[in-house]
Amino acid sequence: MLRNILFRGRAPQPISPVPPVSRPADRPPRRQRARHAVAASALAVVVACLGLAVPASGAAGAAPTDTTSADVERAKVAPAALSPDVASPAAEAPAADAAGAAAAAPDAAPAAVSRLGTSGNKIVNASGTPVQLRGVSVLAPRHNAECPECNPRPISDVIDMTVSDGWQSDVVRLPVTVWGSLSVEDNVAQYVDPYVQQAVDLGIYVIVDLHYVSDYGSTGVPQSTVSEFWDYVAPLYADVPNVIYEVFNEPVAPASWPTWKAYIQPVVDDIRAVAPDTLLLMGGPQWSTYVNQAAADPIAGNDIAYVYHLYPNQGDATAANLDAKFGNAAQQIPVILTEFGWNPPGEFSDPVVTQGTTSGWGIPLRQYLDARPHISWTAWIFDNYWKPQMFDHDWNLLGGEHQGAMIKAWLADQPYASPCASHAAVGATAVASSSGGASSGAAKAVDGDCTNAGRWLSAAGDTTPTLTITLDAPTVVDQVDVYSGFVGGGSVNVLRDFTVEVHTSAGWQRAATFQDNTLGLVSAPGPAAAVDQVRLVITDPSNYDPDVARVFEVAVRAA
């Protein structure tokens, strides 16, 4: 979890190392919501009246079964129309937001969902069919309206947005922060209950996420504190098939799976005593990155899926890297990514963990997960405040190399082209002062490929390399984007000192100069006149050995 207000000491850490999806029946049209605090007994009556089945379950770590295109069902629902009240940003404080979500209007019974469980390495529905959950995390309601430069919206409206206006989330992850003076009961009444009821009304799943980012045990959160929360919450929603429990968001240290298992197993046992069939999501040490250890030594209990959190600081989104982190484990145990996200460097990304681009990191990740529908996911974060957000501070969707537009298209199963795949210089003539080899020539800088395989590399020993691009025709240019580095426009091996120049009828002129650069994506403004050539003049290729220029793409954006 990454926040706009406090980075919370999260630093990069060394981490140990199919087929398409079929569709279930669409969700019935959205009803007008009857919002009220959820009483477990009342919802138990609703569930009983609906005749919902008990899930098919299996012990985590059971032998995996092969997944075929007919085997896996997307927990997909038809989007509802965006309600008029969402069109204008609102500015209620969190308490008022929860009160608004609780305002009652009598309504019909909620749309039913199937209770989820696990079987082998898959999440399954009540009939035993494998299911892939795909959705988003929203802001922890207690922290709404904290951002002075943001235009806040009630969390209830934000949850509506996740299934409206082309967004098609199956599941919403609801972070529950518990620090502060509120009792567990009051915290749940204000910041959980209304949104669980809303998920029931919308016919989607909701992950109640106990959102600690902390050490655990003697140096951090006591086991008794986690138990206190789940002792109250677990029985409250035990009969509500929409609800999934994420037991502890991101335990950090001790970085030991046996220590973590000894800490959390009694909590799981207590949850199972009162909520025997609720799907549990289990994080692990080092910010929930220990699924390999979980696969080797699973938590005892039924219907447990294991959580992995993934960000660009963990490396490129290649199959080899992702397999080693969680993909291989997902062949043995159910795995769900409850957090992943990226944004290019700037105000919507932190300086360490989330810097990445849609071209170089987001699209390869989508390709990887789409080929593995047994891995479910919720993207972080459907918000205009905590990082890496999907909207700017005024709720405009962030597109291009930011993640928002691509996540929206992904949820709707719509294609989303890499922003570096289409620009005025794709296929143009490129000439470099040197190249590192036949497979990394100058043409790679304008081939529309922002992966490592699509880079121009200068030759070792060329300490001041240049790259000149001749456009097919003079073009009025809005900006020139330079992608450099090693992991898809990240922060490794980027160009250090260089100038972007443009050629017009008046000759060469400087567009921008970058000194001591640490960003994988930088932009230079275009001139008012038409441009026929663009040139990189590099005076310090990188801070790395070998000291060569590593350029994914020089994207020339036409005005």
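Before reading on, note that the structure itself is shown above.
These numbers were taken from a predicted model, which means no experiment stands behind them.

### Regarding the packing of aromatic side chains
Part 1 of the reasoning: Using the criterion set out here, one finds 21 aromatic pairs in the structure.
Part 2 of the reasoning: Note on Phe-248 and Trp-260: the rings are 5.5 Å apart at their centroids and 90° apart in plane angle, and the pair reads as edge-to-face. You can see Phe-248 sitting in the loop between strand E9 (243-246) and strand E10 (250-251) and its partner Trp-260 sitting in helix H7 (residues 257-274), a full twelve residues away along the chain.
Part 3 of the reasoning: Residue classification places Phe-248 among the buried positions, given a relative accessible area of 0%.
Part 4 of the reasoning: On the basis of relative accessibility, which here comes to 0%, the residue Trp-260 falls in the buried class.
Part 5 of the reasoning: Here the aromatic residues Trp-179, Tyr-212, Tyr-216, Phe-248, Trp-260 and Tyr-263 are joined through ring pairs into a cluster of three or more.
Part 6 of the reasoning: Sitting over the ring of Tyr-368, Arg-372 keeps its end group 3.6 Å from the ring centre.
Part 7 of the reasoning: Here the basic side chain of Arg-535 rests over the ring of Trp-508, its NZ or CZ set 3.9 Å away from the ring centre.

### Focus: the side chain of Lys-122
Part 1 of the reasoning: Of note, Lys-122 is situated in strand E3 (residues 122-124).
Part 2 of the reasoning: Of the residues examined, Lys-122 reaches a relative accessible area of 3% and is grouped as buried.
Part 3 of the reasoning: A distance of 2.9 Å separates the side chain of Lys-122 from the side chain of Asn-121, its partner in a polar contact.

### Structural notes on the state of the cysteines
Part 1 of the reasoning: Scanning the entire structure with this criterion turns up two disulfides.
Part 2 of the reasoning: Disulfide pairing is shown between Cys-147 and Cys-150; the S-S distance is 2.2 Å. Its S-S torsion of approximately 60° makes the covalent link between Cys-147 and Cys-150 right-handed.
Part 3 of the reasoning: On the basis of relative accessibility, which here comes to 6%, the residue Cys-147 falls in the buried class.
Part 4 of the reasoning: Covalent S-S linkage joins Cys-420 and Cys-450, the inter-sulfur distance amounting to 2.5 Å. You can see Cys-420 sitting in the loop between helix H12 (404-411) and strand E15 (429-432) and its partner Cys-450 sitting in the loop between E15 and strand E16 (456-457), a full 30 residues away along the chain. For the pair formed by Cys-420 and Cys-450, the shared burial category is buried.
Part 5 of the reasoning: Counting only the cysteines that form disulfides, in the order they appear in the protein, gives the pairing 1-2, 3-4.

### Examining the nonpolar core
Part 1 of the reasoning: Within the largest apolar cluster, 95 residues are counted, with the highest numbers of intra-cluster contacts made by Trp-230, Tyr-245 and Phe-326.
Part 2 of the reasoning: Counting residues per element, this core draws most heavily on H7, at seven residues.
Part 3 of the reasoning: Ranked by size, the runner-up nonpolar core spans 30 residues in total, among them Val-477, Ala-511, Ile-538 and Val-551.

### Description of the pairing of E9
Part 1 of the reasoning: Across the two faces of E9 the burial is the same, with Val-243 and Tyr-245 and Ile-244 and Glu-246 all buried.
Part 2 of the reasoning: Here four bridges tie strand E7 (residues 205-210) to E9, and the two strands are oriented parallel to one another. When the bridges of E9 are listed, Asp-209 appears paired with Glu-246.
Part 3 of the reasoning: Sheet topology places E9 next to strand E11 (residues 280-282); two bridges connect them, and they run parallel. Considered in E11, the bridge of Glu-246 is made with Leu-281.

The rules behind each value
- Residues numbered from 1 in each chain as written.
- Predicted model: local features only at pLDDT ≥ 70, side-chain atom pairs only at ≥ 80, totals over all residues.
- Heavy atoms only, no water.
- Phe/Tyr/Trp six-rings, centres within 6.5 Å; stacked < 30°, edge-to-face > 60°.
- Helix = DSSP H or I, 4+ residues; strand = E, 2+ residues; numbered from the N terminus.
- Buried < 20%, exposed > 50% of the residue type's maximum accessible area, 1.4 Å probe, protein only.
- Lys NZ or Arg CZ within 6 Å of the ring centre and 35° of its normal.
- Polar contact = N/O pair within 3.5 Å; in protein donor to acceptor, adjacent residues only side chain to side chain.
- Disulfide = S-S within 2.5 Å.
- Core = buried A, V, L, I, M, F, W, Y, C linked by side-chain atoms within 4.5 Å.
- Pairing = 2+ DSSP bridges.

Read these as geometric descriptors, not functional statements.
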